[in-house]
Every structure is written in structure tokens, then in C-alpha cells.
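Examination of the molecular architecture
The lines below spell out each chain.
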Amino acid sequence: MRTADNRVDTMLALYGSTLSGHYAEGEVRAIARAVFQHRLGWDAARLELGRGERLSESELLQVYQPLQRLRAGEPLQYVLGSVMFHGLDLEVGPGVLIPRPETEELVERIITSGTPPTVVADLGTGSGCIALALKRAFPLAEVHGIDISPDALAIAQRNAGRHGLEVHWHLADMLDPRFELPEGTDLVVSNPPYVPRAEEGTLTEQVRVHEPHVALFVENDDPLRFFRAIGQTAHDALPKGGHLWFEGHYRHADAVGEFLRGLGFAQVDTIMDLSGNPRFIHAVR
């Protein structure tokens, strides 16, 4: 480890010079703040007031270590090992997608939409973020998180343990014709893979290189594959008045809605996200 000295200002300057080719200046500052917060417990005010302070060798190592991984393009959330989602501090790693703000918005819409569910099925649960947030919001509900990846389920289980939330985890392929929802399910939610392979080049290096492709991409010739399979399964299994919620691609949200109407759902709505893009699909059986 080579630094001119162990002052906080020097370390912040090192972050700037090391990451300037990978991130905009404002992003570099935000990354440095996040590292100091996560590794040393310093909030933004403490960091600003302490710019002239000298760090101990241990403190210096704590904030220096993430730089190599960040310079290699690894997402900050993987480097730190956790992310905040709907008030929950969740472990994340290369085996799961990093939860996005849009997914938090989906959870909030479900929570505020009406009658509490009895049995929830989260299909493609990943880190367990949706399942765990819904379990915390609906403590009396039986919640199931389902994924095809054993690595993802291992992370989801650890996240449940760290927050003391009881969720049932299942290894299953939701595209398998034999796949069935847990008995009594009255709320199905899914943020399935929905980015066409043709759009891979439009994604940032952090996403394209480091996040799991199995959770991101669908083939160009069948971008609605997961929505059709889940929609059909939900239509066949949900009781009258049961709910289905999707997060989807803004270019395909309307097509998903039309498909669900064709299946015979009693009510289907396409909902804009906070950026004004059609993002969420809500259907009532």
C-alpha cells in the first residue's frame, strides 16, 4: 500500500485519481463517502469535518482495500458486500443482482395496494430482497422465495437469518412446465430476467461484466418468455381476487399487460415508475 501520508484528504484524492477513468467526479465522491461510512462508520458530515485528520494503519487499510476491486470495475455493492433495500441491510455478491430503486418502488406499491396477502410467492427471488421486505411488511403472511440458483438462495437464507425473518426458500425452475406455486398463494410477485441480449452493450461495465447474466438477460426472439410462463402459472393457481405483480422492461410492459388480459385476468394495469417509464404490471385474477 503506497500513499503519500495517512491523512483523510490524501486518501480521498487517491480515490479521485484511481477511479476518475471509471466514474464521473460526483460518483467518485459518493463511492468514497460510502466506503468511509461502511468501513469506518463515518457519515458525510464526519468525513467532511475530518478531512485533515490522520488515519490509523488499521483505518487506512480498511478504506484502501476496496480500491483495487473498484478500479477493476466491480460494483461498489459487491465490494462492500451489502446494500440497503427498503430499510433492510442485505448481503449481495456476484451470485445475485444488486437490487434497484425500481424494485423498492415495486415493493412499496404492493404494500400500499390494499388487503394483506395470506401466502406470497416471489419468483426469481435472488438476494431475497422482495420476499424479505414483504415478510417484514406482512408478518402474518406465509412467504416463499423461489430461484433456480443455489448460490442466490444461500445468500437469501443468510439475509433472512440476519433479520430474523421466516421465509420458505425453494430451488426450482419457473419455466419448467411441472412448476407449481405453493398451496394457497394469493400474491405472486416477480422481477424476472427481461433485458434482451441485443441490449447487453448498452449496460454499464459494472452490470455487464459482474452481475449474473442468468438473472438479467432473455433471448432477443422471446423477450416475454418469463412473463408468459409466470402469468399462465399465476392465472391457473391464483384464487379469484388474487394478485400478480411484475417488474418489467419499459418497452415490453404494455405487451405483458395485453398478454395477461388475453389470459382472462379480471383487471390489468400498467404502471409508470418514478422516472415516467411503464415499468410495473399489476393483474387481479
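Residues numbered from 1 in each chain as written. Predicted model: local features only at pLDDT ≥ 70, side-chain atom pairs only at ≥ 80, totals over all residues. Heavy atoms only, no water.

Examining the pattern of salt bridges
The cut-off we apply is this: The working definition used for a salt bridge is a side-chain nitrogen of Lys or Arg within 4 Å of a carboxyl oxygen of Asp or Glu. Counting from the N terminus, the helices are DSSP H or I runs at least four residues long and the strands are E runs at least two residues long.
Taken as a whole and assessed by the stated rule, the structure comprises 17 salt bridges. Ionic pairing is found between Asp9 and Arg7, a salt bridge with its closest N-O pair at 3.6 Å. Among the ionic pairs, Glu258 bridges to Arg261, the shortest N-O distance being 2.8 Å. A residue pair is termed a helical-turn pair when its members lie 3 or 4 positions apart in one helix, as Glu258 and Arg261 do in helix α12 (residues 253-263) at 3 residues. A cluster of three or more residues bridged by salt bridges with shared partners is formed by Arg7, Asp9, Glu48 and Arg51.

Some details on the pairing of strand β6 (residues 187-190)
Rules: The cut-offs for exposure are 20% and 50% of the maximum accessible area for each residue type, with area from a 1.4 Å probe on protein chains only; residues under the lower value are buried, those over the upper are exposed, and the others partly exposed. Pairing between strands is defined by DSSP: at least two bridges between the two strands are required.
Here β6 shows two buried faces, one formed by Leu187 and Val189 and the other by Val188 and Ser190. Looking at chain direction, strand β3 (residues 119-123) and β6 are connected through 4 bridges and run parallel. Note that in β6 the partner of Ala121 across the bridge is Val188. By the bridge criterion, 4 bridges tie β6 to strand β9 (residues 243-247) in an arrangement that is parallel. Within β9, the residue paired with Val189 across the bridge is Trp245.

Considerations on unusual backbone geometry
Unlike most non-glycine residues, His86 shows phi in positive territory, near 50°. Inspection of the secondary structure assignment puts His86 in the loop between β1 (82-85) and β2 (88-91).

Here's the deal with the sheet that holds strand β11 (residues 278-284)
Note the following rule: Note on geometry: axes are C-alpha line fits, over the in-contact stretch for helices, and angles between N-to-C directions span 0 to 180 degrees. We call two residues in contact when some of their heavy atoms are within 4.5 Å.
Strand order in the open sheet formed by 7 strands is β5-β4-β3-β6-β9-β11-β10, with mixed pairing between adjacent strands. Both outer strands of the open sheet, β5 (168-171) and β10 (267-272), are each paired with one neighbouring strand and no more. The mean angle between the axes of side-by-side strands here comes to 15°, regardless of whether they run parallel or antiparallel. Judged from the 4 bridges that link them, strand β4 (residues 142-147) and β5 form a sheet pairing that is parallel. Looking at the pairing, Gly145 lines up with Trp169 of β5. The sheet contacts of helix α11 (residues 225-237) involve β3, β6 and β9, and relative to β9 the element is tilted by about 170°. Contacts from α12 reach β9, β10 and β11 within the one sheet, and its direction differs from that of β11 by about 10°.

Topic: the packing of aromatic side chains
What counts, and what does not: Stacked, tilted and edge-to-face pairs are distinguished by plane angle, under 30 degrees for stacked and over 60 for edge-to-face with tilted covering the rest, among Phe, Tyr and Trp rings (Trp via its six-membered ring) whose centres lie within 6.5 Å. Distance and angle both matter: a charge sits over a ring if NZ of Lys or CZ of Arg is within 6 Å of the ring centre and within 35 degrees of the ring normal.
Tallied over the entire structure, the rule returns 2 aromatic pairs. Ring geometry for Phe36 and Trp42: centres 5.6 Å apart, planes at 50°, overall tilted. For Trp42, a relative accessible area of 7% corresponds to the buried category. When the ring of Phe227 is compared with that of Phe246, the centres are 4.9 Å apart and the planes differ by 70°; the resulting orientation is edge-to-face. Here Phe246 lies in strand β9 and Phe227 lies in helix α11, a separation of 19 residues in the sequence. When its relative accessible area of 3% is taken as the criterion, Phe227 is described as buried. Positioned above the aromatic ring of Trp42, the side-chain terminus of Arg46 is 3.9 Å from the ring centre.

Thoughts on the nonpolar core
Quick reminder of the rule: Put simply, buried Ala, Val, Leu, Ile, Met, Phe, Trp, Tyr and Cys residues joined by side-chain atoms within 4.5 Å make one nonpolar core.
Formed by 29 residues in total, the largest nonpolar core has its most connected members in Leu123, Val188, Leu244, Phe246, Leu260 and Phe265. If you list the elements that add at least two residues to this core, you get β3, β8 (217-218), α11, β9, α12 and β11. Setting aside its immediate chain neighbours within four residues, Leu123 contacts Ile146, Met174, Phe179, Leu181, Val188, Val189, Ser190, Asn191 and Ile230.

Description of the side chain of Asn6
Our working rule: What qualifies as a polar contact is a pair of N or O atoms within 3.5 Å, subject to a donor-acceptor requirement within protein and to the restriction that residues adjacent in sequence count only when both atoms come from side chains.
Assignment of secondary structure puts Asn6 in the segment before α1 (8-19). At 2.7 Å, the side chain of Asn6 forms a polar contact with the backbone oxygen of Leu55. For Asn6, the contacting residues outside a window of four places in its chain are Glu53, Arg54, Leu55 and Leu60.

Some words on α11
Put simply, the rule is: Expected helix span is computed as 1.5 Å times (number of residues minus one).
Over its 13 residues, α11 runs 19 Å from end to end, which matches the ideal 18 Å to within 8%, given 1.5 Å per residue. Restricting attention to buried positions, one finds in α11 the residues Phe226, Phe227, Ile230, Gly231, Thr233, Ala234 and His235. On the buried face of α11, the contacting elements are β3, β6, β8, β9 and α12.

Here's the deal with the environment of Ala237
Within the fold, Ala237 resides in helix α11. Spatially, the C-alpha atom of Ala237 lies 9.2 Å from that of Pro182, the residues being 55 residues apart in sequence.

A look at the packing of helix α7 (residues 101-111) against helix α8 (residues 129-137)
For any two helices packed against each other, one specifies the inter-axial angle together with the distance between the axes. Stated formally: Geometric relationships in this document are graded by angle, where less than 35 degrees denotes roughly parallel, more than 145 denotes roughly antiparallel, 65 to 115 denotes roughly perpendicular, and other angles denote oblique. Note on convention: near helix rotated counterclockwise from far helix by under a right angle means a left-handed crossing. Clockwise means right-handed. Residue type decides the class: Asp, Glu, Lys and Arg count as charged, Ala, Val, Leu, Ile, Met, Phe, Trp, Tyr, Cys and Pro as nonpolar, and the leftover types, Gly among them, as polar.
Close contact between α7 and α8 brings their axes to 10 Å; oriented N to C, the two are set at 30°. By the angle between their directions, the pair α7 and α8 is classed as roughly parallel. Remark: the crossing between α7 and α8 carries right-handed chirality. Facing α7, whose interface residues are Thr103, Leu106, Val107, Ile110 and Ile111, α8 presents Cys129, Ile130, Ala133, Leu134 and Ala137. By residue class, the composition of the contact of α7 with α8 is 9 nonpolar, 1 polar and no charged.

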